[in-house]
Amino acid sequence: MSGCERRIEMDRLVYLDNAATTKTSPTVLEAMLPYFSEYYGNASSIYSIGAKSKEAITHSRETIAATLGAKTEEIYFTAGGSEADNWALKATAEAYASKGKHIITSKIEHHAILHTCEYLEKHGFEVSYIDVDENGVIKLDELEKAIRPDTILISVMYANNEIGTIQPVKEIGEIAKKHGILFHTDAVQAYGQVPINVDELNIDMLSSSGHKICGPKGIGFLYIRKGVKIRSFVHGGAQERKRRAGTENVPGIVGYGQAAQEAVSTMKERTAKEIELRDYLIDRILKEIPYTRLNGHRTKRLPNNANFSFQFIEGESLLIMLDMEGICGSSGSACTSGSLDPSHVLLAIGLPHEIAHGSLRLTLGAETTKDDIDYVIEKTKSIVERLRSMSPLYEDFVKKSQSR
């Protein structure tokens, strides 16, 4: 390969970290732009450009509600999924504390849930953390056994952000309803990727975030079923029907509404393509790279998610070398954020520390092609081989295998 050819190859970008964030779609950006400079009025004002902003918010609220089978007045806009999660848990705890102070969640929740639960535990609440099986599916029998007379909330994510496993949300909703307990689900990864109907699934609250579905960052929503008596989380003005104060992020809300409409209208065709490419990626990686395992359920997983653990290597080194080849992925290990501990999700499904550290999450998007996947597979194969060649653990393993 010539120097020029190598430079062109190195300039290639394959973005496979769509679970972290997605590229804002051009049509979403186009829908947002007028609300920065033309229809910039405050939606709470009475003059015409303010009324235009209010109309746009109402339209987005109606659009999003329709995607969930919800009522328009049940959608409350937030600054993102983390705020929505915090609101659901903290406000429920406050509103229903007289009934009880027990909350149930799973061991593989996003940190927006787990850290909020830790906060509540410091303020007099008790939290039960339910185990999952080796595929990351919550143990329903253990969940139901954990229910007590003072249980006020069950919060279980719709689909895991790391390993992609989709939870039995309908069954969880039925259990919660049978026992008269509120059910919240963090659907940040699932919304726009799988069909969701809040009534059919007995969901009382649902969190989502715009930047996961080619919408803008800094906008999310919390669905709150009518009749659920949780209070304001952000205090101040009377926005969001007096439940969430603060001047509305009109461009963000408009963008989220557009992104939601696009995600749902393209879901069937888009996810069919993602599943085909995802399975092709999984099959080749497992077949062509020895001592590799797939994390998460083989079929009951998000259409775009593939998570692998490679024995005898460190995930951080793999990520750095993939980045040098123009490939964007993420590690199942938290080491990239300064922690020496591996992912709590991978530990919860039973992986030992040394294997959990060698993990890679690849999440596809609408623009991902088969050529992209082939490129990623070949580069991953060569990088894993190179890293293992430098691993004393792998060398010892090979020697022991040959001596048998």
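Read on for a plain summary of the structure. (Residues numbered from 1 in each chain as written. Predicted model: local features only at pLDDT ≥ 70, side-chain atom pairs only at ≥ 80, totals over all residues. Heavy atoms only, no water.)

One turn of an α-helix holds 3.6 residues; hence residues three or four places apart share an orientation. The terminal C-alpha atoms of helix 10 (residues 250-288) lie 49 Å apart, and with 39 residues this falls more than 12% below the ideal 57 Å at 1.5 Å per residue. Of the residues flanking the start of helix 10, the one acting as N-cap is N249, its side-chain oxygen 3.0 Å from the backbone nitrogen of G252. (Helix = DSSP H or I, 4+ residues; strand = E, 2+ residues; numbered from the N terminus. Expected span 1.5 Å × (residues − 1). Polar contact = N/O pair within 3.5 Å; in protein donor to acceptor, adjacent residues only side chain to side chain.)

This part is about the pattern of salt bridges. Counted by the stated rule, this structure contains 24 salt bridges. A salt bridge links D372 to R12; the shortest N-O distance between them is 3.1 Å. Placement of D372 in helix 14 (residues 370-389) and of R12 in the loop between helix 1 (3-10) and strand 1 (14-15) is noted, with a sequence separation of 360 residues between them. Take R12: its relative accessible area is 22%, and that puts it in the partly exposed class. Measuring nitrogen to oxygen at the nearest pair gives 2.7 Å for the salt bridge that ties E144 to K178. Taken together, the residues span a long stretch of sequence, with E144 in helix 7 (residues 140-146) and K178 in helix 8 (residues 169-178) at a distance of 34 residues. It is possible to trace a salt-bridge network through shared partners that takes in R284, E288, K370, D374, E378 and K381. (Salt bridge = Lys/Arg side-chain N within 4 Å of Asp/Glu carboxyl O. Buried < 20%, exposed > 50% of the residue type's maximum accessible area, 1.4 Å probe, protein only.)

The next subject is the pairing of strand 3 (residues 102-106). By the criterion of burial, strand 3 is predominantly enclosed, with five of the five residues buried. Alternating residues of strand 3 divide into H102, I104 and S106 and I103 and T105, and every residue in both groups is buried. As paired strands, strand 3 and strand 4 (residues 126-130) are joined by five bridges and run parallel to one another. Its bridge partner being in strand 4, I104 is matched across the sheet by S128. For the segment spanning strand 3, helix 6 (residues 111-121) and strand 4, crossover handedness is right-handed. Taken together, the four bridges between strand 3 and strand 5 (residues 151-155) define a ladder with parallel strand orientation. Residue pairing for strand 5: I103 is matched across the bridge by L153. (Pairing = 2+ DSSP bridges. Right-handed = clockwise from strand over helix to strand, strands pointing away.)

Right, let's talk about the packing of aromatic side chains for a bit. Scanning the entire structure with this criterion turns up 11 aromatic pairs. For the pair F308 and F310, a centre-to-centre distance of 6.1 Å together with 35° between the ring planes defines the contact as tilted. When sorted by exposure, F308 lands in the same class as F310, which is buried. In this structure an aromatic cluster arises from ring pairing among Y291, F312, Y394 and F397. Of note, K101 hangs over the ring of F125, and the distance from its end group to the ring centre comes to 5.4 Å. Over the ring of Y76 we find R241; its NZ or CZ atom is 4.2 Å from the centre of that ring. (Phe/Tyr/Trp six-rings, centres within 6.5 Å; stacked < 30°, edge-to-face > 60°. Lys NZ or Arg CZ within 6 Å of the ring centre and 35° of its normal.)

Interaxial distance between helix 11 (residues 315-324) and helix 14 falls to 10 Å at its minimum, and their mutual angle equals 135°. Judged by the inter-axis angle, helix 11 sits oblique to helix 14. In the packing of helix 11 onto helix 14, the handedness of the crossing is right-handed. Here helix 11 contributes S317, L318, M321 and L322 to the contact with helix 14, which in turn contributes T380, I383, V384, R386 and L387. Counted by class, the contact of helix 11 with helix 14 contains six nonpolar, two polar and one charged residues. (Axes fitted to C-alpha atoms, helices over the stretch in contact; angles between N-to-C directions. Parallel < 35°, antiparallel > 145°, perpendicular 65-115°, else oblique. Left-handed = near helix turned anticlockwise from the far one by under 90°. Contact = heavy atoms within 4.5 Å. Nonpolar A, V, L, I, M, F, W, Y, C, P; charged D, E, K, R; others polar.)

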